[in-house]
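Chain and residue survey
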Amino acid sequence: MKNLKEIIEKEGLKNWSIKTSNSGAGLTIFKTKEILIKDPNNMAMFLHEVAHAKTGKGHDGIWADEFTELVRKYIKTLKEKICSDCSNRLFPREDE
């Protein structure tokens, strides 16, 4: 979870914490500044929750723009978390 903590700090969420939870895939708790995630290896879900924390929004256009930007910014990290077979299909090499 060290890498996840580094991401939230880079994104200006220095007073936020990350905790694992057995309930649901992910949840952002604004009152206690917590991001709860079931699977710390699910980078897409983590970034989904970071977008909520940064915008203070639900699933609206502002949140969607932020989530899209986070995915673009951390795409290499996402690629490393995806199996090589899936990665080849989802992220083809630039020379192909």
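The preceding data block contains the structure.
Now for a look at the structure at hand. (Residues numbered from 1 in each chain as written. Predicted model: local features only at pLDDT ≥ 70, side-chain atom pairs only at ≥ 80, totals over all residues. Heavy atoms only, no water.)

1. Comments concerning the side chain of His48
Mapped onto the fold, His48 is located in helix H2 (residues 43-55). Judged by its relative accessible area of 16%, His48 falls in the buried class. Sequence-distant contacts of His48, defined by excluding residues within four places in its chain, comprise His59, Trp63 and Phe67. (Helix = DSSP H or I, 4+ residues; strand = E, 2+ residues; numbered from the N terminus. Buried < 20%, exposed > 50% of the residue type's maximum accessible area, 1.4 Å probe, protein only. Contact = heavy atoms within 4.5 Å.)

2. A look at the environment of His52
Among the structural elements, His52 can be located in helix H2. In the structure, His52 is positioned 24 residues away from Thr28 in sequence and 6.7 Å away in space, judged by C-alpha atoms. Beyond its immediate stretch of four places on either side in the chain, His52 contacts Thr28, Phe30, Lys57, Gly58, His59 and Trp63.

3. Side note on the environment of Thr32
In this fold, Thr32 is placed in the loop between strand E2 (26-29) and strand E3 (34-37). You can call Thr32 partly exposed: its relative accessible area is 45%. A sequence separation of 16 residues divides Thr32 from Trp16, and the C-alpha atoms of the two residues are 8.0 Å apart. A polar contact is formed between the side chain of Thr32 and the side chain of Glu34, at a distance of 2.8 Å. (Polar contact = N/O pair within 3.5 Å; in protein donor to acceptor, adjacent residues only side chain to side chain.)

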